[in-house]
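Per-entry structural report
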Amino acid sequence: MSARGRLITIEGVDGTGKTTLATALLGRLTDHGVDARLMREPGGVETSERIRELVKDPELTVGPRAEALLYAAARAQLVDQALLPVLESGAWVLLDRFVDSSLAYQGVGRGLGVDAVRDLNRFATAGLTPDRTLLLSLDSQLARARASDRGAAAGEAPDRLEREGDEFFVRIREAYLSLAAAEPERVRVLDASQAPSAVVDQALAALGDLLPG
Ligand code: TMP
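The following paragraphs examine the structure supplied in this document. (Residues numbered from 1 in each chain as written. Predicted model: local features only at pLDDT ≥ 70, side-chain atom pairs only at ≥ 80, totals over all residues. Heavy atoms only, no water.)

1. Side note on helix α3 (residues 64-88)
Taking 1.5 Å as the rise per residue, α3 with 25 residues should run 36 Å; its terminal C-alpha atoms sit 34 Å apart, in good agreement. Where α3 bends most, the angle comes to about 50°, and this point is Val-79. Here α3 has its buried residues at Glu-67, Ala-68, Tyr-71, Ala-72, Ala-74, Arg-75, Leu-78, Val-79, Ala-82, Leu-83, Val-86 and Leu-87. Where α3 is buried, its residues meet β1 (7-11), β2 (36-40), α2 (46-56), β3 (92-96), α4 (99-109) and α5 (114-125). One or two positions beyond α3, positive phi appears at Gly-90, with a value near 100°. (Helix = DSSP H or I, 4+ residues; strand = E, 2+ residues; numbered from the N terminus. Expected span 1.5 Å × (residues − 1). Bend = angle between axes of the 7 residues up to and from the residue. Buried < 20%, exposed > 50% of the residue type's maximum accessible area, 1.4 Å probe, protein only. Contact = heavy atoms within 4.5 Å.)

Here it is as structure tokens:
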């Protein structure tokens, strides 16, 4: 039986380049002989993709607790239906957002408290934790400008969370940095102001000890 694959999560506020990094990193991991799959949250399996539509819809009223539960429900389904089977097959998963997003956005951003949201997510994930988390760090104003340029280029209106004010995103960024400070072995902070190729190099260096010899 092959060894269990690694779960690598990518985190950061919107506009820090998570998706760009995930795609580029996938190619670099393949060069290292790692069979890796890309997934995103909320989403990845049909039920969770439907929850994604719901939770992003600016027409809906979704209170903080309902929001935390919806993300947790999407996560629980992804864990059972896709994450665990893929990891157990020996492949790695590069996951665009995971529990740390809920700790930062719902725990701190929505004020539910990091501990309450962590408990909820322990249930949702059946205790699955990432082997490593890559946190993309960028000044929140710059990240917001990048996210809105990307949305405008794609002809997309801001979703329910993107409509929050600047202050919300400043708090999310700070929350992420404190999560990284509390768990420096798991959470590695990458400087997202650098060119995409330099960010991938940093990411690969942060995974160095996990790569096959
Ligand atoms: P994205 O996939 O385009 O980044 O959109 C996901 C949005 O949902 C983004 O605004 C962050 C937010 N989010 C949370 O608030 N909590 C979570 O647990 C997750 C996974 C995402």
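2. Considering the packing of α4 against α5
Helix-helix packing: each pair is described by the crossing angle between the helix axes and the interaxial distance. Relative to each other, α4 and α5 sit at 145°, their axes nearing to 9 Å. Handedness of the crossing formed by α4 with α5: right-handed. Contacts from Val-99, Ser-102, Leu-103, Gln-106, Gly-107 and Val-108 in α4 reach Val-114, Val-117, Arg-118, Asn-121 and Thr-125 in α5. Partitioned by chemical class, the residues of the contact of α4 with α5 number 5 nonpolar, 5 polar and 1 charged. (Axes fitted to C-alpha atoms, helices over the stretch in contact; angles between N-to-C directions. Left-handed = near helix turned anticlockwise from the far one by under 90°. Nonpolar A, V, L, I, M, F, W, Y, C, P; charged D, E, K, R; others polar.)

3. Let's talk about the packing of aromatic side chains
Tallied over the entire structure, the rule returns 3 aromatic pairs. Taking the centre distance of 5.3 Å and the plane angle of 85° together, the rings of Phe-168 and Phe-169 count as edge-to-face. The burial state of Phe-168 is the same as that of Phe-169; both residues are buried. Feature note: the residues Tyr-105, Phe-168, Phe-169 and Tyr-176 constitute an aromatic cluster, connected by ring pairs. (Phe/Tyr/Trp six-rings, centres within 6.5 Å; stacked < 30°, edge-to-face > 60°.)

4. Let's talk about the site of the ligand
The environment of the ligand is made up of 13 residues, and the closest members are Tyr-71, Arg-75, Arg-97, Ser-102 and Gln-106. Arg-52 is positioned with one of its side-chain polar atoms (N or O) 3.0 Å from an oxygen atom of the ligand. Between the ligand and the protein, one listed contact pairs an oxygen atom with a side-chain N or O atom of Ser-102 at 2.6 Å. Counting only elements with at least two residues in the shell around the ligand, the list comes to α2, α3 and α4. For the shell around the ligand, the leading source of residues is α4, giving 4 residues. Within the shell around the ligand, the residues separate by chemical class into 4 nonpolar, 3 polar and 6 charged. (Near = heavy atom within 4 Å. Polar contact = N/O pair within 3.5 Å; in protein donor to acceptor, adjacent residues only side chain to side chain.)

5. Side note on the pairing of β3
Note on strand geometry: in a regular strand, side chains alternate between the two faces of the sheet. With 5 of its 5 residues buried, β3 lies for the most part within the structure. Neither face of β3 is exposed, since Trp-92, Leu-94 and Asp-96 on one face and Val-93 and Leu-95 on the opposite face are all buried. Relative to β3, β1 runs parallel, the two being bridged by 4 bridges. Each bridged residue has a counterpart across the sheet, and for Leu-7 the counterpart in β3 is Val-93. Strand direction decides the pairing type here: β2 and β3, joined by 5 bridges, are parallel. Of the residues in β3, the one forming a bridge with Arg-37 is Val-93. (Pairing = 2+ DSSP bridges.)

6. Looking at the packing of α3 against α4
Interhelical geometry of α3 versus α4 gives an angle of 175° and a closest axis separation of 11 Å. As summarised for this structure, α3 and α4 are arranged roughly antiparallel, according to the angle between their axes. Facing Glu-67, Ala-68, Tyr-71 and Arg-75 of α3, the residues of α4 in contact are Val-99, Ser-102 and Gln-106. Partitioned by chemical class, the residues of the contact of α3 with α4 number 3 nonpolar, 2 polar and 2 charged. (Parallel < 35°, antiparallel > 145°, perpendicular 65-115°, else oblique.)

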